[in-house]
Amino acid sequence: MEAEANSGSLEDSWAFIQRPGEGCRTVPLAGHVGFDSLPDQLVNKSVSQGFCFNILCVGETGLGKSTLMDTLFNTKFEGEPATHTQPGVQLRSNTYDLQESNVGLKLTIVSTVGFGDQINKEDSYKPIVEFIDAQFEAYLQEELKIRRVLHTYHDSRIHACLYFIAPTGHSLKSLDLVTMKKLDSKVNIIPIIAKSDAISKSELTKFKIKITSELVSNGVQIYQFPTDDESVAEINGTMNAHLPFAVIGSTEELKIGNKMMKARQYPWGTVQVENEAHCDFVKLREMLIRVNMEDLREQTHSRHYELYRRCKLEEMGFKDTDPDSKPFSLQETYEAKRNEFLGELQKKEEEMRQMFVQRVKEKEAELKEAEKELHEKFDRLKKLHQDEKKKLEDKKKSLDDEVNAFKQRKTAAELLQSQGSQAGGSQTLKRDKEKKN
């Protein structure tokens, strides 16, 4: 009996462990276990740690990027207005600590300064791509450390890119298409029409259709609000049809009726920022902050960062499996890559040595040639000197001969003159004697 009782208890325990529907009876719990509080534990832990969210604002100078950020988070962020005289595109990053109820948010806003202001806009997208890749690389380096501190690491990866489109009413500029095409695999792009009160409603509707058509025809992948979650599937599906959002930003509050509301005052009337009949600002705020902020963070990590990480590790030689479909050893990969680098280093060293030897030989040949030319020049100069010296000696000899001849003639002349004077004197004496006599 005891054996049967023990056997029954073991069977009951096994039935409780096995899955339902496998021919075993299910034993209900006699009391409360408590693992349903796990979500609450995660929420408390997340709230205590706080959250981070990074927004990249891409658009031409003067489209209201800073004003829209101030309006979105109902805060006056510090920053100086950008000018149109920037020599190139620069990215300006500012981080702020915000608090709403008991939830802390470390918000980073990155703005493109000088975007679209240059005459040659061909490489305007490069600083933006390099900045995004630099944030991915910093996170990857932190992951590859032996002692990782990811729980305290400030994640600077861009979670959302608000691409500001000028309200031209015609079509997208080639700069916009090229930039969004370069960014769509690296960041979640949300296109918005800035300062949408600059065009009429009918033009705005046509402009949205034109933008959507051009994005599809050029293969630009923008961020689509997720519809797999039943709780937000309906609202996200509706909002996907409203992209791109036409927004207006303003930090000025005006009294409309009995309420103070953010609005822009014009001579012809007032545009209310939070009035959905005037613009899509409320839709953008709901989709970006209230509904899909966590999905943007998740998409950045699981899609864009994973793509960068996979490409980077493949460049470094890491693989999941070897040619025999066996798990790839990290040590073997490291050794193989190390040997490859050593081989390349030795090859480059040998090439440099050969190049050095070749250059030394060329230099020696040049020096020998220069020495030969110097010797030939010296010989020519020496011969020329000897010829000049010989000419001078001949000329000196000729002059000496002339001087000697001149001296001889002078002596002879002097002798003749003295003889002539003596003869003249004797004749004078003779005549004097004759006179006396």
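About the criteria used
By convention here, each chain's residues receive numbers from 1 onward along its written sequence. Where local features are concerned, this predicted model is filtered to residues with pLDDT of at least 70; where side-chain atom pairs are given and counted, the filter is 80 or more; whole-chain, interface and lining totals use all residues. Neither water nor hydrogens contribute to the side-chain values; these are computed over all heavy atoms in the structure. Strands here are runs of E lasting at least two residues and helices are runs of H or I lasting at least four, both read from the DSSP assignment and numbered beginning at the N terminus. Only the C-alpha atoms count toward the radius of gyration. The rule for a globule is 2.2 Å times the residue count to the power 0.38. Burial status follows relative accessibility: with a 1.4 Å probe on protein chains alone, a residue under 20% of its type maximum counts as buried, one over 50% as exposed, and anything between as partly exposed. We call two residues in contact whenever any of their non-hydrogen atoms come within 4.5 Å of each other. Accessible surface area values rest on a Shrake-Rupley calculation with a 1.4 Å probe, where residue burial reflects the displayed protein chains alone. Counted as positive: Lys and Arg. Counted as negative: Asp and Glu, with His and the chain ends omitted from the count. Charged groups are reduced to one reference atom each: NZ for lysine, CZ for arginine, CG for aspartic acid, CD for glutamic acid. A cavity, in this analysis, means grid points on a 1 Å lattice covering only the protein atoms where a 1.4 Å probe fits yet has no way out; a pocket is instead an open set bounded by protein on both sides within 12 Å along at least five of seven lines, and a residue lines either one if it has an atom within 4 Å of a point. Grid points are joined across faces, edges and corners, and a volume is the space filled by probe spheres set on the points. When residue character is reported, Ala, Val, Leu, Ile, Met, Phe, Trp, Tyr, Cys and Pro are called nonpolar, Asp, Glu, Lys and Arg charged, and the others, Gly included, polar. A fitted line through C-alpha atoms represents every axis, and for helices the fit uses only the stretch in contact; the resulting angles, taken between N-to-C directions, go from 0 to 180 degrees. Roughly parallel here means an angle under 35 degrees, roughly antiparallel means over 145, roughly perpendicular means 65 to 115, and every remaining angle is called oblique. Grouping buried Ala, Val, Leu, Ile, Met, Phe, Trp, Tyr and Cys residues that are joined through side-chain atoms within 4.5 Å yields what is termed a nonpolar core. Only strands joined by at least two bridges in the DSSP assignment are considered to pair. Per-residue confidence from the prediction method is given by pLDDT, with values spanning 0 to 100.

K.L.:
Where do I start with the overall build of the chain in this structure?
P.N.:
Helices and strands together make up the secondary structure of the chain, namely ten helices and nine strands. Relative to the 2.2 N^0.38 estimate, which gives 22 Å for 437 residues, the radius of gyration of the chain is 49 Å and therefore markedly larger than a compact globule would have. With respect to the principal axes defined by its C-alpha atoms, the chain has extents near 205 × 85 × 40 Å. Considering the chain as a whole, with its 437 residues, one finds that 30% of them fall into the buried category. Across the chain, every contact between residues at least 6 apart in sequence was considered, and the portion connecting residues at least 24 apart equals 66%. About 30,100 Å² of surface is accessible on the chain, with carbon and sulfur atoms providing 53% of the total. When the 64 basic and 71 acidic side-chain charges of the chain are each reduced to a single mean position, those positions are 15 Å apart.

K.L.:
When you look at the layout of surface pockets in this model, what are you seeing that I'm missing?
P.N.:
To find the voids left in a structure, one rolls a probe of water-molecule size over its atoms. Of the voids in this model, the largest pocket is the one considered here, and its volume is about 810 Å³. Looking at the largest pocket, it is lined by 24 residues, and the ones nearest its centre are Gly-50, Cys-52, Leu-150, Tyr-153 and Arg-297. Listed by contribution, the elements that provide at least two residues to the lining of the largest pocket are α2 (38–49), β1 (51–58), β2 (90–100), β3 (103–113) and α9 (293–315). In terms of residue count, α9 provides more of the lining of the largest pocket than any other element does, four residues in total. Here the residues of the lining of the largest pocket sort into seven nonpolar, nine polar and eight charged.

K.L.:
I would appreciate a short explanation of the packing of helix α3 (residues 65–72) against helix α8 (residues 281–291) in the present structure.
P.N.:
Two numbers describe a pair of packed helices, the interaxial angle and the distance between the axes. Their axes nearest at 11 Å, the elements α3 and α8 cross at an angle of 70°. Relative to α8, the element α3 lies roughly perpendicular. Touching Leu-68, Thr-71 and Leu-72 of α3 are Phe-281, Leu-284, Arg-285, Leu-288 and Ile-289, all from α8. Residues that form the contact of α3 with α8 fall into these classes: six nonpolar, one polar and one charged.

K.L.:
What exactly am I supposed to notice about the nonpolar core here?
P.N.:
Soluble globular proteins: nonpolar side chains tend toward being buried together. Residues Leu-162 and Leu-288 are the most contacted members of the largest nonpolar core, which totals 72 residues. The dominant element in this core, judged by the number of residues it contributes, is helix α4 (residues 126–144), at seven residues. Once residues lying within four places of it in the same chain are set aside, the contact partners of Leu-162 are Ile-55, Leu-56, Cys-57, Val-58, Met-69, Leu-72, Ile-190, Ile-192, Leu-284 and Leu-288.

K.L.:
What am I meant to see in the packing of α4 against α9 here?
P.N.:
Axis separation between α4 and α9 bottoms out at 10 Å; the angle between their running directions is 80°. The angle between α4 and α9 places the two elements in the roughly perpendicular class. Each of Asp-133, Phe-136, Glu-137, Tyr-139, Leu-140 and Glu-143 in α4 lies in contact with α9, whose residues at this interface are Thr-300, His-301, His-304, Tyr-305, Tyr-308, Arg-309 and Lys-312. Of the residues in the contact of α4 with α9, the class split is five nonpolar, three polar and five charged.

K.L.:
For this particular structure, what's the right way to read helix α5 (residues 174–183)?
P.N.:
It helps to recall that an α-helix has 3.6 residues per turn; residues three or four apart then point in one direction. Those residues of α5 that fall on the buried side of the exposure criterion are Leu-175, Asp-176, Leu-177, Thr-179, Met-180 and Leu-183. Contact partners of the buried residues in α5: β1, α4, β4 (160–165), β5 (189–193) and α6 (201–217).

K.L.:
How should I be thinking about empty space enclosed by the protein in this particular structure?
P.N.:
Counted under the stated rule, the structure contains one cavity of 30 Å³ or more. Quantified by volume, the largest cavity comes out at close to 30 Å³. Around the largest cavity sit Asp-184, Val-187, Asn-188, Ile-189, Gln-221, Ile-222, Tyr-223, Arg-303 and His-304, which together line it. In the lining of the largest cavity, the residues fall into four nonpolar, three polar and two charged.

K.L.:
Where do I start with the environment of Lys-397 in this structure?
P.N.:
Within the element layout of this structure, Lys-397 appears in helix α10 (residues 330–436). Considering only alpha carbons, one finds Lys-397 and Lys-65, 332 residues apart in sequence, at a separation of 100 Å.

K.L.:
What am I meant to see in the sheet that holds strand β6 (residues 245–246) here?
P.N.:
Taken in spatial order, the six strands line up as β2-β3-β1-β4-β5-β6 in an open sheet, and their pairing is mixed. Looking at the sheet topology across the chains shown, the edges are occupied by β2 and β6. Of the pairings in the sheet, the one linking β5 to β6 comprises two bridges and is parallel in character. Paired with Ile-193 across the two strands is Ala-246, which belongs to β6. Across the sheet, α6 touches β4, β5 and β6, and the angle it forms with β5 is around 150°.

K.L.:
Sorry, what's going on with the confidence of the model for the chain here?
P.N.:
Scored by pLDDT, the chain comes out at a mean of 85, with 91% of its residues at no less than 70. Contacts for the low-pLDDT stretch residues 1–18, under 50 throughout, to residues beyond four places or in other chains number seven contacts.

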